[in-house]
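Coordinate analysis (summary)
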Amino acid sequence: NAGVTQTPKFRILKIGQSMTLQCTQDMNHNYMYWYRQDPGMGLKLIYYSVGAGITDKGEVPNGYNVSRSTTEDFPLRLELAAPSQTSVYFCASSYGQGVETQYFGPGTRLLVL
Amino acid sequence: DAKTTQPTSMDCAEGRAANLPCNHSTISGNEYVYWYRQIHSQGPQYIIHGLKNNETNEMASLIITEDRKSSTLILPHATLRDTAVYYCIVRALNTGNQFYFGTGTSLTVIP
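A few points on the structure. (Residues numbered from 1 in each chain as written. Chains lettered and ligands numbered in written order. Predicted model: local features only at pLDDT ≥ 70, side-chain atom pairs only at ≥ 80, totals over all residues. Heavy atoms only, no water.)

Here we come to the overall build of chain B. Along its length, chain B carries zero helices and nine strands. When the helices and strands of chain B are read in sequence order from the N terminus, they spell out β-β-β-β-β-β-β-β-β. For 111 residues, the compact-globule estimate of 2.2 N^0.38 gives 13 Å, and the C-alpha radius of gyration of chain B, at 13 Å, lies within 12% of that figure. In terms of principal-axis extent, the alpha carbons of chain B reach across some 40 × 30 × 25 Å. Counting every position in chain B, which comprises 111 residues, the buried fraction comes to 44%. (Helix = DSSP H or I, 4+ residues; strand = E, 2+ residues; numbered from the N terminus. Rg over C-alpha atoms; globule rule 2.2 N^0.38 Å. Buried < 20%, exposed > 50% of the residue type's maximum accessible area, 1.4 Å probe, protein only.)

Further remarks concern the sheet that holds strand β6 (residues 61-64) of chain B. Residue and element names in this part refer to chain B. As summarised here, the arrangement of the four strands in space is β2-β7-β6-β5, forming an open sheet in which the pairing is antiparallel. The open sheet is flanked by β2 (18-23) and β5 (55-56), the only strands paired with a single partner. The pairing of β2 with strand β7 (residues 70-75) spans six bridges and is classified as antiparallel. By the bridge assignment for β7, Ala18 is matched with Leu75. (Pairing = 2+ DSSP bridges.)

A few words on the interface of chain B and chain A. In this complex, chain B contributes 23 residues to the contact, which on the side of chain A involves 24 residues. Between chain B and chain A, a total of about 1,800 Å² is buried, with carbon and sulfur atoms accounting for 54% of that surface. Our count for the contact surface shared by chain B and chain A stands at zero salt bridges. Sorting the residues of the side of chain B that touches chain A by element identifies β3 (31-38), β4 (45-50) and β8 (84-92) of chain B as the ones contributing at least two each. By residue number, the principal contributor to the side of chain B that touches chain A is β3(B), which donates four residues. Of the residues in the side of chain B that touches chain A, the class split is ten nonpolar, twelve polar and one charged. (Contact = heavy atoms within 4.5 Å. Buried area = accessible area lost by both parts, 1.4 Å probe. Salt bridge = Lys/Arg side-chain N within 4 Å of Asp/Glu carboxyl O. Nonpolar A, V, L, I, M, F, W, Y, C, P; charged D, E, K, R; others polar.)

Here we take up the sheet that holds β3(B). All names here are of chain B. As summarised here, the arrangement of the five strands in space is β1-β9-β8-β3-β4, forming an open sheet in which the pairing is mixed. Edge positions in the sheet fall to β1 (9-13) and β4, since each has one partner strand and no second. Strand-to-strand twist across the sheet, computed as the mean angle between neighbouring axes with direction ignored, equals 25°. Relative to strand β9 (residues 105-110), β8 runs antiparallel, the two being bridged by three bridges. Looking at the pairing, Ala84 lines up with Leu107 of β9. (Axes fitted to C-alpha atoms, helices over the stretch in contact; angles between N-to-C directions.)

So far we have only geometry, and geometry alone does not tell us how the molecule works.
Put into structure tokens, the structure is as follows:
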């Protein structure tokens, strides 16, 4: 299993541009998550999904959108990039609710100039 | 979710045990204690979790006090590859499986 994969690894955006961060997992996990991590800080939850067609907001959802059309994929959309969205973005997945642990992808570094 | 308090940084000599403390004085009865670590900006990696009893796996041991207000993660023989930021997280069931990460403890293993 490849686990959780994310693309791209690094991206530079201009203010106002849009992009989609891709996340795919091959573990047949029901739950998927998007976090952001600013320099020197812990991770903050942006959005999460408990299954295909179901998404919900986390701590810091403003400026982002998500969709979950399949179990495997959970893309994160930035519509109007702002410098405040410069961060490292991590996608994670877990089997379901309960004590199941989360498995993280390698991250996407985003720089908005 | 209950908040946790961890020291900002710690050092440990290579080959010695690393003991990382975590305070979670407001933990609820149904909240588990999880430990993750993050090596040099990679994605966080699960280490161990527990509810009441002490736990041990191939990576570490978790000691939870009887009143559950604090815990200690023990890496029995620290290596240079254990240099990382370690996050202590408390999490209840039925909360959308959200994990709230703080700033963690930056552990440096010294040769």
